[in-house]
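# Secondary and tertiary structure notes
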Amino acid sequence: MTLILQHADVLVTMDAQRREIADGALVANGAAIEWVGATADLPETYRRMIDDGSAQVVDMHGHVVTPGLVNTHHHMYQSLTRAVPAAQDAELFGWLTNLYMLWSHLTPEMIRVSTQTAMAELMLSGCTTTSDHLYLYPNGSRLDDSIDAAREIGMRFHAARGSMSVGRSQGGLPPDIVVEREADILRDSQRLVEQYHDASRHAMLRVVLAPCSPFSVSRDLMRESAVMARHYGVSLHTHLAENDNDIAYSREKFGMTPAQYAEDLGWVGRDVWHAHCVKLDDEGVALFARTGTGVAHCPCSNMRLASGIAPVRRMRDAGVPVGLGVDGSASNDGAHMLGEARQAMLLQRVGFGPAAMSARDALEIATLGGARVLNRDDIGALAPGMSADIVSFDMSAVGFAGGGHDPVASLVFCTPANVSTSIINGRVVVRDGKLLTVDLPDVLTDHRRLARTLFERAQEAGV
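Below, the structure is looked at part by part. (Residues numbered from 1 in each chain as written. Predicted model: local features only at pLDDT ≥ 70, side-chain atom pairs only at ≥ 80, totals over all residues. Heavy atoms only, no water.)

## Focus on the overall build of the protein
- Scanning the protein for helices and strands turns up 15 helices and 17 strands.
- When burial is assessed residue by residue, the protein has 62% of its 463 residues classed as buried.
- Long-range pairs, those at least 24 residues apart, make up 75% of the contacts in the protein between residues at least 6 apart in sequence.
- Carbon and sulfur atoms form 50% of the exposed surface of the protein, whose accessible area is close to 16,400 Å². (Helix = DSSP H or I, 4+ residues; strand = E, 2+ residues; numbered from the N terminus. Buried < 20%, exposed > 50% of the residue type's maximum accessible area, 1.4 Å probe, protein only. Contact = heavy atoms within 4.5 Å. Areas by Shrake-Rupley, 256 points an atom, 1.4 Å probe, with all protein chains shown as cover.)

Structure, rendered in structure tokens:
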């Protein structure tokens, strides 16, 4: 059925002209947008459909409508381990060391339920497309568990087949119990791409190859993953240059900066994006700009782990594609995409001055920026031919009171709000702030039970 949104206070298109349309309207037919403009300019064809009831009509009075937000980095299983006492006050390497053994007790059910919990949190905060980087597979867990969860909840998903292959006995950071054999990793990566990856326009599911980090996989796995990804036409993702210890490890083990290491392995290009890049140097910024290599900026996680302030203003000025990532719920402890956009703006101003990022810059990074990082040209904007991924925010909420002078900027400057409506691929998945696709209270009941079970099993094992 044709879907018509009308009378939005402001419709933020993020199109080539960055139009913000007062009393805006939008028409979608199935997965794609057909028409965008002012409500007064709705073509007669659509007006007749409104009158005869043949279209689904949503009144957006009092709302700001934007493209769905795009999350480019997450570890959804970590929603089971928020605010773990042993990892509350550690930097990256210490934080990981304190959590690896706990995560070794994950099960397929835990992966599925934590994925839906994390996706529900994202969807309610304005996110319509997300990536998830799952890089450990204990007790029979598979990426398929995340994929099944995403299909049920109805979120556009880039499922990243992460991996770790270099344990402590070989000089890596993770304990040997959570690493895999590289032949098994590559075999499963091929299976997942062949079984699930959809390269078509408006695809709801794509597969990404994502060896975890320079300190947990070998050069060979990085190279072989790049070869495989390019054979199948899928993207590549990993962590890079996250903090000072990360830089020191790269220089000690490889004799290179992280950016040099990435280039040496073929991990640059429009089909590659790296998470964090807090410590990316000038040479690395120039390399990423020249090659179109993307960055997932994760401001809350970078602050939580005291990693530093990524030079996002410098990256964007140089032409580096930059998107937003909430990162794992154990290093952010929240996954609110609009809140992440706000934090990105505020953190850049702390580091580089009040002009370092505007509210509209932050929204652009959260929409078009994320689309570009995921190597997609069908999401991130509201324009004919784009995917029908649309969200609205109710500006009558108390947090926006007094913000009517500039409602678009208020979305970022004011207290982060949840969505009123969310539409993914032309399907209404949130209405009046309520998630429609799964029974969220039941999911959360299961999630609380599984979080307790995870800790109990870890305690029984002496973790």
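## Examining the packing of helix H12 (residues 337-352) against helix H13 (residues 359-373)
- Where H12 contacts H13, the axes come no closer than 9 Å and their chain directions differ by 130 degrees. In terms of their interaxial angle, H12 and H13 are classed as oblique. When you trace H12 past H13, the crossing you get is right-handed. Within the contact between the two elements, H12 uses Met-337, Leu-338, Ala-341 and Met-345 and H13 uses Ala-359, Ala-362, Leu-363 and Ala-366.
- Looking at the contact of H12 with H13 residue by residue, the class counts come to 8 nonpolar, no polar and no charged. (Axes fitted to C-alpha atoms, helices over the stretch in contact; angles between N-to-C directions. Parallel < 35°, antiparallel > 145°, perpendicular 65-115°, else oblique. Left-handed = near helix turned anticlockwise from the far one by under 90°. Nonpolar A, V, L, I, M, F, W, Y, C, P; charged D, E, K, R; others polar.)

## Examining the pairing of strand E5 (residues 63-67)
- Counting buried positions along E5 gives 5 out of 5 residues, so the element sits mostly inside the fold.
- Pairing of strand E1 (residues 2-12) with E5 involves 2 bridges; the strand directions are parallel. Among the inter-strand pairings, Val-10 is bridged to a residue of E5, identified as Val-64. (Pairing = 2+ DSSP bridges.)

## Describing the packing of aromatic side chains
- As enumerated under the stated definition, the model contains 8 aromatic pairs in all.
- Relative to Trp-103, the ring of Trp-95 has its centre 5.7 Å away and its plane inclined at 70 degrees; by these criteria the two rings are edge-to-face.
- Its relative accessible area of 4% is what places Trp-95 among the buried residues.
- Here Trp-103 falls in the buried class, since its relative accessible area comes to 0%.
- Among the aromatic residues, those joined into a ring-pair cluster are Tyr-77, Trp-95, Tyr-100, Trp-103 and Tyr-135.
- The ring of Tyr-137 carries Arg-161 above its face, with NZ or CZ at 4.3 Å from the centroid. (Phe/Tyr/Trp six-rings, centres within 6.5 Å; stacked < 30°, edge-to-face > 60°. Lys NZ or Arg CZ within 6 Å of the ring centre and 35° of its normal.)

## Observations regarding the nonpolar core
- By size, the foremost hydrophobic cluster in this structure holds 146 residues, and its most contacted members are Leu-26, Trp-95, Leu-96, Trp-103 and Phe-288.
- Filtering out sequence-adjacent residues up to four positions away, Leu-26 remains in contact with Leu-3, Ile-4, Leu-5, Leu-11, Ile-33, Trp-35, Val-36, Leu-382 and Ile-390.
- Formed by 11 residues, the second largest nonpolar core is a distinct cluster that contains Ala-160, Ala-210, Ala-275 and Leu-374. (Core = buried A, V, L, I, M, F, W, Y, C linked by side-chain atoms within 4.5 Å.)

## Overview of the pattern of salt bridges
- Per the counting criterion, the structure on display carries 27 salt bridges.
- Arg-223 is paired through a salt bridge with Asp-264; the nearest N and O atoms lie 3.3 Å apart. Of this pair, Arg-223 sits in helix H6 (residues 219-232) while Asp-264 is found in helix H8 (residues 258-264), placing the two residues 41 residues apart along the sequence.
- Judged by relative accessible area, Asp-264 falls into the partly exposed class, the value being 38%.
- Measuring nitrogen to oxygen at the nearest pair gives 3.5 Å for the salt bridge that ties Asp-244 to Lys-279. Of this pair, Asp-244 sits in helix H7 (residues 244-254) while Lys-279 sits in the loop between strand E11 (272-276) and helix H9 (282-291), and the two are 35 residues apart along the sequence.
- Residue classification places Asp-244 among the exposed positions, given a relative accessible area of 53%.
- The exposure class of Lys-279 is partly exposed, given its relative accessible area of 32%.
- Here the salt bridges do not stand alone but share partners, grouping Arg-18, Arg-313, Arg-316, Asp-317, Asp-361 and Glu-364 into one network. (Salt bridge = Lys/Arg side-chain N within 4 Å of Asp/Glu carboxyl O.)

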